[in-house]
Amino acid sequence: MELRIGSPATGGNFYQRPVLIAKLLRALKRDNVAFLGPRRTGKTSCLEQIKAQPGDFLPILLNLEKHDTVEAWLSAMLGELRKTLA
Ligand SMILES: Nc1ncnc2c1ncn2[C@@H]1O[C@H](COP(=O)(O)OP(=O)(O)O)[C@@H](O)[C@H]1O
Ligand SMILES: [Mg+2]
């Protein structure tokens, strides 16, 4: 395991958070989930981990910060869905 400051922790560098991830997935089976918390507490790393081991879901990850319009967001979402379904 290597400590990298900056990008989300993935693969072997991800310190496992099984309880939090199980809780998120349970909540997602019931409804939409807003996974909120202070910056740099590991939210994106957990989402990357769920994407790597999706179980019953078909996860896509979108960074909406870079989109200024709904059209751009939907287009990015469709692109990711296409890739995931391919
Ligand atoms: N599960 C984890 N295992 C190892 N390092 C982690 C983990 N979660 C967070 N980190 C460390 O914290 C930093 C911020 O994590 P990140 O997932 O980007 O947080 P957030 O999305 O909440 O801002 C990462 O660059 C990494 O150094
Ligand atoms: Mg993040």
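Source: prediction; values computed, not measured.

A. Geometry of the packing of helix α1 (residues 18-30) against helix α2 (residues 43-52). Running from amino to carboxyl end, α1 crosses α2 at an angle of 70°, the nearest separation of the two axes being 11 Å. Classified by the angle their axes make, α1 and α2 are roughly perpendicular. Along the contact surface, α1 presents L20, I21 and L24, while α2 presents C46, Q49 and I50.

B. Expanded view of the domain arrangement of the protein chain. Each assigned domain of the protein chain is listed with its residue range as follows: domain 1 (1-55) and domain 2 (58-86). Domain 1 and domain 2 are separated by 19 Å when their C-alpha centres are compared.

C. Structural detail: the site of ligand 1. Every one of the 18 residues lining ligand 1 counts as a neighbour, but A9, Y15, G42, T44 and S45 are closest to it. Looking at the shell around ligand 1 residue by residue, the classes come out as 5 nonpolar, 8 polar and 5 charged.

D. View of unusual backbone geometry. Of note, the phi angle at R40 is positive, near 65°, even though the residue is not glycine. With respect to the helices and strands, R40 occurs in the loop between α1 and α2.

E. Inspection of α1 at higher detail. An ideal rise of 1.5 Å per residue puts 18 Å on 13 residues; α1 measures up with 19 Å between its terminal C-alpha atoms. Here α1 lies mainly on the outside; 0 of its 13 residues are buried.

Definitions and limits used
Residues numbered from 1 in each chain as written. Chains lettered and ligands numbered in written order. Predicted model: local features only at pLDDT ≥ 70, side-chain atom pairs only at ≥ 80, totals over all residues. Axes fitted to C-alpha atoms, helices over the stretch in contact; angles between N-to-C directions. Helix = DSSP H or I, 4+ residues; strand = E, 2+ residues; numbered from the N terminus. Parallel < 35°, antiparallel > 145°, perpendicular 65-115°, else oblique. Contact = placed C-beta atoms within 7 Å. Domains from an automatic or database assignment. Near = placed C-beta within 6 Å. Nonpolar A, V, L, I, M, F, W, Y, C, P; charged D, E, K, R; others polar. Expected span 1.5 Å × (residues − 1). Buried ≥ 20, exposed ≤ 12 C-beta atoms within 10 Å, placed from the backbone.

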